[in-house]
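For reference, the chains in residue letters:
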Amino acid sequence: PQSHRQARTVMPLPRAILFDWDNTLVESWGVIHEAMNLTLDAMGHPKWTREETETRVRASLRDSFPHLFGDRWKEAEKVFYESFEAIHLQHLRPLSGAEDLLAYLSGRLGLYVGVVSNKRGPFLRKEAEHLGWSRYFRKLAGAGDAARDKPALEHVQLALGDIAAGPDVWFAGDADIDLKCARNAGCTPILVRPQAPGEAEFPGHEPSLYFPDCAGFLAYLRQA
């Protein structure tokens, strides 16, 4: 991806920006890991290490659980969501700088801001409400809200409402599935995570911009 200085000369501000939720705006690995291991244990599978959870959890449950649990995936889904619902709000933590970034985008810049998350829609909206963030978003589109989940185009279209997807829509996330989703929709992919992208790490869906955190993203926008 281009450096911040180079990119500013060629990348005008977007018309809309979409965010992934988990581990882009809020810290979620702790609760996901705990709920996942409760599920694996209940289904008679060996538990995962934290590293395995962070590597393997990408797609929505309706896309990933049939591969993991076969014919029993609905049973596993029920265990996961019951475990998750019991603990997710107490574990919820905004990532540093996330609220400042959202407030600047939706307030100062007046941009259309939405979320495309593979967290189930009702949980996603409950978390945004719990943090007092609902006012920053025009649309929070979670797993199950669209006909197909991220990285499918339908999920992006739902989050954008009447706005057409295109290069003037930025899609910011921390994982390969977010960059794939952006490319699938013709949007501009933005990587936000502590580790810089490795060479050839994202073949065919390289990020156009990279930021180590939300504060870095905000600093870039303020140069506009």
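Residues numbered from 1 in each chain as written. Predicted model: local features only at pLDDT ≥ 70, side-chain atom pairs only at ≥ 80, totals over all residues. Heavy atoms only, no water.

Once that is clear, we can look at the nonpolar core. Within the largest apolar cluster, 32 residues are counted, with the highest numbers of intra-cluster contacts made by Phe19, Trp21, Leu25, Trp133, Phe137, Trp170 and Phe217. Of all the elements in the fold, those that place two or more residues in this core are strand S1 (16-19), helix H6 (98-108), strand S4 (112-120), helix H7 (121-131), strand S6 (169-173), strand S7 (188-192), strand S8 (209-211) and helix H10 (214-222). With sequence-adjacent residues up to four places away left out, Trp170 is seen in contact with Met11, Pro12, Pro14, Ala16, Ile17, Leu18, Thr188, Ile190, Leu209, Phe217, Tyr220 and Leu221. Core analysis: the second largest hydrophobic core is formed by 18 residues, Met36, Leu40, Phe80 and Phe123 among them. (Core = buried A, V, L, I, M, F, W, Y, C linked by side-chain atoms within 4.5 Å. Buried < 20%, exposed > 50% of the residue type's maximum accessible area, 1.4 Å probe, protein only. Helix = DSSP H or I, 4+ residues; strand = E, 2+ residues; numbered from the N terminus. Contact = heavy atoms within 4.5 Å.)

This part takes up the packing of aromatic side chains. For the structure shown, the criterion picks out 13 aromatic pairs. With centroids separated by 6.3 Å and ring planes inclined at 20°, the aromatic side chains of Trp170 and Phe217 adopt a geometry described as stacked. Residue Trp170 is located in strand S6, and its partner Phe217 is located in helix H10; the two are separated by 47 residues in the primary sequence. Each member of the pair, Trp170 together with Phe217, is buried. When the ring of Phe211 is compared with that of Phe217, the centres are 4.7 Å apart and the planes differ by 10°; the resulting orientation is stacked. (Phe/Tyr/Trp six-rings, centres within 6.5 Å; stacked < 30°, edge-to-face > 60°.)

Turning next to the state of the cysteines. Here the structure, examined in full by the defined rule, presents zero disulfides. You can see Cys181 has no disulfide; the closest cysteine sulfur is in Cys187, sitting 7.7 Å from it. Since its relative accessible area comes to 1%, Cys181 is described here as buried. (Disulfide = S-S within 2.5 Å.)

What follows concerns the sheet that holds S7. Ordered in space as S5-S4-S1-S6-S7-S8, the six strands form an open sheet in which the pairing is parallel. The sheet terminates laterally at strand S5 (139-143) and S8, the two strands that pair on one side only. Neighbour to neighbour, the strand axes of the sheet diverge by 20° on average, direction disregarded. Taken together, the four bridges between S1 and S6 define a ladder with parallel strand orientation. Across the sheet, residue Leu18 finds its bridge partner in S6, namely Phe171. Docked against the sheet, H6 engages S1 and S4, running at close to 155° with respect to S1. (Pairing = 2+ DSSP bridges. Axes fitted to C-alpha atoms, helices over the stretch in contact; angles between N-to-C directions.)

A few words now on the environment of Ala182. Mapped onto the secondary structure, Ala182 falls in helix H9 (residues 176-185). For the pair Ala182 and Val156, spaced 26 residues apart in the sequence, the C-alpha separation amounts to 8.3 Å. Each residue touching Ala182, except ones within four places of it in the same chain, is listed here: Phe171, Cys187, Thr188 and Pro189.

Turning our attention to the packing of H6 against H10. Packed helix pairs are characterised by how far apart their axes lie and by the angle those axes make with each other. The N-to-C vectors of H6 and H10 enclose an angle of 30°; their axes lie 8 Å apart at closest approach. Judged by the inter-axis angle, H6 sits roughly parallel to H10. You can see that H6 and H10 cross each other, and the crossing is left-handed. Mapping the contact onto sequence places Ala98, Asp100, Leu101, Tyr104 and Leu105 in H6 and Cys214, Phe217, Leu218, Leu221 and Arg222 in H10. Across the contact of H6 with H10, the residue classes tally to eight nonpolar, no polar and two charged. (Parallel < 35°, antiparallel > 145°, perpendicular 65-115°, else oblique. Left-handed = near helix turned anticlockwise from the far one by under 90°. Nonpolar A, V, L, I, M, F, W, Y, C, P; charged D, E, K, R; others polar.)

Turning our eyes to something else, we now look at the confidence of the model for the protein chain. In low-pLDDT regions, the fine details of the predicted coordinates are not to be read closely. Scored by pLDDT, the protein chain comes out at a mean of 91, with 94% of its residues at no less than 70. Note on residues 3-9: pLDDT under 50 across the span, and 11 contacts to partners over four residues away in sequence or across chains. (pLDDT = per-residue confidence, 0-100.)

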